[in-house]
Amino acid sequence: MEKWSLMTITVLLALTVRWAVSLGSYSGAGKPPMYGDYEAQRHWQEITYNLPIRQWYFNTSDNNLLYWGLDYPPLTAYHSFVCAYIAKLINPDWVALHTSRGYESQPHKLFMRTTVFVADLLVYIPAVILYCFSLKETSAKKKASTCALCILLYPGLILIDHGHFQYPLSLGLALWAVLCLSHDWDLLGSLAFCLALNYKQMELYHSLPFFCYLLGKCFKKGLKGKGLVLLAKLAGTVLLSFAACWLPFGTDVEQIMQVLRRLFPIDRGLFEACMFSSPTHCPDKVANIWCSLSVLIKIKNVISPRTQLKLSFAVTFLSLLPACIKLTVQPSLRGFKFALVSCALSFFLFSFQVHEKSILLVSVPVCLIINEIPFMATWFLLVSTFSLLPLLLKDGLLLAYAATTPAFLAVCLASFSILEKTSAEDLQLKAFSLSLKGYASWFKSFPRIARSLFLLSLSLMGVLSVLSAAVPPPQGLPDLFPVAVAVVSCLHFLLFLVYFNVVILWDSKNRGQKKMS
């Protein structure tokens, strides 16, 4: 009972923070003609409610795809329809075809914010709570509420979902999938992940770890017996899940092809993360390798779009290959969680058409291992929030950023004493340090070096945050601070990618057999 009381307090605190952030501004507020993601979500409700399904993804006189055309999978469209149905009952003007474009009012803002709260309460928050209670170690059980508090107070997700405006459903469904796999409910886990993927195509960032982990389990059971049966059941679950989600579009091949063209618009180029570069969005300031390199080399001018696609695919594939091979050969839940982080980070850094918000696809898996490597997890989550700063400033979320980020750091310091968890063993680098016998003396000073780098990183992010918010950039360099934030964040992410891969590849076989850490 005491554990549930602490968890109740944790959830109430998390909801209070979300409510406080939601009182502020949102993406594109009062900024015509395109407004922002808030208007995109409202517009999708307008389209799905007023038009037949066959027109949802097609450019027509009633559905101008250049104005926030639907470019997410069917489950997003169905969710928009449900929200629109409720909105119509409250105030038909909110979803009136054509005339509701750019609609802004306090009652409508309350409604839209409430829909995000409901999604959080029904999908994301329960998954976090149950995940934290499912941790096997006794010490972790005692800290279930503490672990949940750190995850639920992660500022990046709060600021994007309840500030900028976004639904946490795909990430919540992915968490449910991880939770199911942790209990060996492989079919339910596959179903949950298929639903996540059919809500947002960016869940492809997590697809290879799910595939490799489940395939590795099949191999382990033997492909001539139980393994083959499991493989057949998994394949059937995936096929049925996709068939159910795509059923309304399955009667016409052209419908399916048009949806796919909307989901994967490769002709837009390497940097075009969204259909339209609105005043609230800077697609060229993402903290990935391509945008950072473009500071020195204008890739768009040197390499053709087709070559950009091939190069991006090759680098992404090579960077995630080691973790996927290790997970397939030695499937373990611990390895699976670390592979989710590593593969998602590879996609973010090297893949095609990355949006700055996609860092959340890395951050949520990092939250799942915050009890194992609290120091590195906290550091990464702080950097990921910092990487969103240019977007948050445009949305008027500076105050929310300045309040939630230090609060999150304080909670992690109090909960995990992260500055004391910097030894090679604490950072899961013991096996790696043993393989470098000639450098053993260097690892003795590693805790001090790690703490120093962490404090230096915090100082750099703090200075850049203040400069971005308070100091006007030089006249000839209007993007100086957004570019600096992106490059600094990218350098951090590259080092984190190396770190996570080292942990994965040097993980001992016995340690990897643990069910949950």
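Residues numbered from 1 in each chain as written. Predicted model: local features only at pLDDT ≥ 70, side-chain atom pairs only at ≥ 80, totals over all residues. Heavy atoms only, no water.

An unreviewed UniProt entry annotates the protein chain as Alpha-1,3-glucosyltransferase originating from Platysteira castanea. In its Subcellular location (unreviewed entry) section, UniProt records this for the protein chain: "Endoplasmic reticulum membrane". Listed in UniProt under the heading Sequence similarities (unreviewed entry), the comment for the protein chain reads: "Belongs to the ALG6/ALG8 glucosyltransferase family." (UniProt positions renumbered as here; feature names shortened; annotations may be inferred.)

A.B. asks: Please provide a residue-by-residue account of the overall build of the protein chain, values included.
C.D. replies: Helices and strands together make up the secondary structure of the protein chain, namely 25 helices and zero strands. Computed over the C-alpha atoms, the radius of gyration of the protein chain is 23 Å, within 12% of the 24 Å expected from 2.2 N^0.38 for a compact globule of 517 residues. Principal-axis analysis of the C-alpha atoms places the extent of the protein chain at approximately 70 × 65 × 60 Å. Considering the protein chain as a whole, with its 517 residues, one finds that 56% of them fall into the buried category. Within the structure as shown, the protein chain displays about 22000 Å² of accessible surface, and the carbon and sulfur contribution to it stands at 69%. (Helix = DSSP H or I, 4+ residues; strand = E, 2+ residues; numbered from the N terminus. Rg over C-alpha atoms; globule rule 2.2 N^0.38 Å. Buried < 20%, exposed > 50% of the residue type's maximum accessible area, 1.4 Å probe, protein only. Areas by Shrake-Rupley, 256 points an atom, 1.4 Å probe, with all protein chains shown as cover.)

A.B. asks: Requested: an account of unusual backbone geometry, with residues and values cited.
C.D. replies: Peptide bonds are mostly trans, and most non-glycine residues show a negative phi. Of the consecutive residues Pro32 and Pro33, the connecting peptide bond is found in the cis state with omega at 10°. With respect to the helices and strands, the residue Pro33 is situated in the loop between helix 1 (2-22) and helix 2 (37-50). In the Ramachandran plot, Tyr35 falls in the positive-phi region, its phi being about 60° despite a non-glycine side chain. Judged by its relative accessible area of 14%, Tyr35 falls in the buried class.

A.B. asks: Now, about helix 4 (residues 106-134): what can you tell me, with residues and values included?
C.D. replies: Given a rise of 1.5 Å per residue, 29 residues ought to cover 42 Å, and the 40 Å separating the end C-alpha atoms of helix 4 matches this to within 8%. At Asp120, helix 4 shows its largest kink, close to 45°. One side-chain oxygen of the residue at the start of helix 4 lies 3.2 Å from the amide nitrogen of His108, identifying that residue as Ser105. (Expected span 1.5 Å × (residues − 1). Bend = angle between axes of the 7 residues up to and from the residue. Polar contact = N/O pair within 3.5 Å; in protein donor to acceptor, adjacent residues only side chain to side chain.)

A.B. asks: Describe the pattern of salt bridges, listing the residues and the values that go with them.
C.D. replies: Close approach of charged atoms allows side chains of opposite charge to pair. Taken as a whole, this structure holds 10 salt bridges when the rule is applied. Between Asp120 and Arg18 there is a salt bridge whose closest N-O contact spans 2.8 Å. Of this pair, Asp120 sits in helix 4 while Arg18 sits in helix 1, placing them 102 residues apart in sequence. For Arg18, a relative accessible area of 2% corresponds to the buried category. (Salt bridge = Lys/Arg side-chain N within 4 Å of Asp/Glu carboxyl O.)

A.B. asks: Any details on the domain arrangement of the protein chain? Residues and values, ideally.
C.D. replies: One can read the domain layout of the protein chain as domain 1 (167-261) and domain 2 (265-508). Look at where the C-alpha atoms of domain 1 and domain 2 centre, and you get two points 26 Å apart. Each partner contributes residues to the interface: domain 1 has 21 residues there, and domain 2 has 23 residues. Carbon and sulfur atoms make up 82% of the area that domain 1 and domain 2 hide from each other, which totals about 1900 Å². The interface formed by domain 1 and domain 2 holds one residue pair in polar contact (both at pLDDT 80 or more) in total. Elements with a minimum of two residues in the side of domain 1 that touches domain 2: helix 8 (169-182) and helix 10 (207-221). Of the residues forming the side of domain 1 that touches domain 2, the biggest block, 10 residues, is contributed by helix 10. (Domains from an automatic or database assignment. Contact = heavy atoms within 4.5 Å. Buried area = accessible area lost by both parts, 1.4 Å probe.)

A.B. asks: Tell me about the packing of aromatic side chains, residues and numbers included.
C.D. replies: By the definition in use, this model includes 27 aromatic pairs. Measuring from centroid to centroid gives 6.2 Å for Tyr154 and Phe408, while their planes differ by 70°, and the two rings are edge-to-face. Of the two residues, Tyr154 is situated in the loop between helix 6 (144-152) and helix 7 (155-165) and Phe408 in helix 20 (residues 398-416); the sequence distance between them amounts to 254 residues. Both residues of the pair, Tyr154 and Phe408, count as buried. Judged by centre distance (5.2 Å) and plane angle (20°), the ring pair of Tyr205 and Phe347 falls under stacked. One end of the pair, Tyr205, is in the loop between helix 9 (186-197) and helix 10; the other, Phe347, is in helix 16 (residues 333-350), with 142 residues separating them in the sequence. Residue Tyr205 shares its accessibility class with Phe347, and that shared class is buried. Of note, Arg101 hangs over the ring of Tyr67, and the distance from its end group to the ring centre comes to 3.7 Å. (Phe/Tyr/Trp six-rings, centres within 6.5 Å; stacked < 30°, edge-to-face > 60°. Lys NZ or Arg CZ within 6 Å of the ring centre and 35° of its normal.)

A.B. asks: Go over a nonpolar patch on the surface, please, and point to the residues and values.
C.D. replies: A grouping of Phe81, Val82, Tyr85, Ile86, Leu89 and Ile90 is seen on the molecular surface, where their side chains present a nonpolar patch of about 600 Å² in accessible area. Along the polypeptide, Tyr85 turns up in helix 3 (residues 74-90). (Patch = residues over 30% accessible without salt bridge, like charges linked within 9 Å, V, L, I, M, F, W, Y side chains within 5 Å.)

A.B. asks: If you had to explain the side chain of Ser190 to someone new, which residues and values would you point to?
C.D. replies: Note that Ser190 resides in helix 9. Judged by its relative accessible area of 6%, Ser190 is buried. In this structure, Ser190 is in contact with Leu214, Leu234 and Thr237, ignoring residues within four places of it in sequence.

A.B. asks: An account of the nonpolar core is requested, with residue identities and associated values reported.
C.D. replies: Grouped together as the largest cluster of nonpolar side chains are 124 residues, with contacts concentrated most on Phe348, Phe380, Phe493 and Phe500. Residue contributions to this core peak at 13 residues, all from helix 16. Two domains share this core, each providing at least three of its residues, namely domain 1 (167-261) and domain 2 (265-508). Each residue touching Phe348, except ones within four places of it in the same chain, is listed here: Tyr205, Val286, Ala287, Asn288, Val354, His355, Glu356, Ser358, Ile359, Val362 and Phe493. With 38 residues, the next largest nonpolar core counts Tyr38, Tyr57, Trp246 and Leu263 among its residues. (Core = buried A, V, L, I, M, F, W, Y, C linked by side-chain atoms within 4.5 Å.)

A.B. asks: An account of the state of the cysteines is needed here, citing residue identities and associated values.
C.D. replies: Taken as a whole and judged by the stated rule, the model has zero disulfides. Not part of a disulfide, Cys150 finds its nearest cysteine sulfur in Cys412, a span of 4.0 Å. Between Cys490, a free cysteine, and Cys291, which holds the nearest cysteine sulfur, the sulfur-to-sulfur gap is 8.7 Å. The class of Cys490 is buried, set by a relative accessible area of 2%. (Disulfide = S-S within 2.5 Å.)

A.B. asks: Before we move on, can you summarise the environment of Trp290 with the specific residues and values?
C.D. replies: With respect to the helices and strands, Trp290 occurs in helix 13 (residues 289-293). Residue classification places Trp290 among the buried positions, given a relative accessible area of 7%. As a C-alpha pair, Trp290 and Phe496 span 206 residues in sequence and 17 Å in three-dimensional space.

A.B. asks: Lay out helix 20 with the relevant residues and their values.
C.D. replies: Two residues of an α-helix separated by three or four positions point the same way, owing to the 3.6 residues in each turn. In this model, helix 20 (19 residues) spans 27 Å end to end at C-alpha, consistent with the 27 Å of a helix rising 1.5 Å per residue. Taken residue by residue, helix 20 has Ala400, Tyr401, Thr404, Thr405, Phe408, Leu409, Val411, Cys412, Ser415 and Phe416 as its buried positions. Taken around the axis of helix 20, the buried residues stretch over an arc of 160°, which confines them to a single face. Opposite the packed face of helix 20, turned more than 90 degrees from it, sit the exposed residues Leu399 and Ala414. (Arc of directions from axis to C-beta.)

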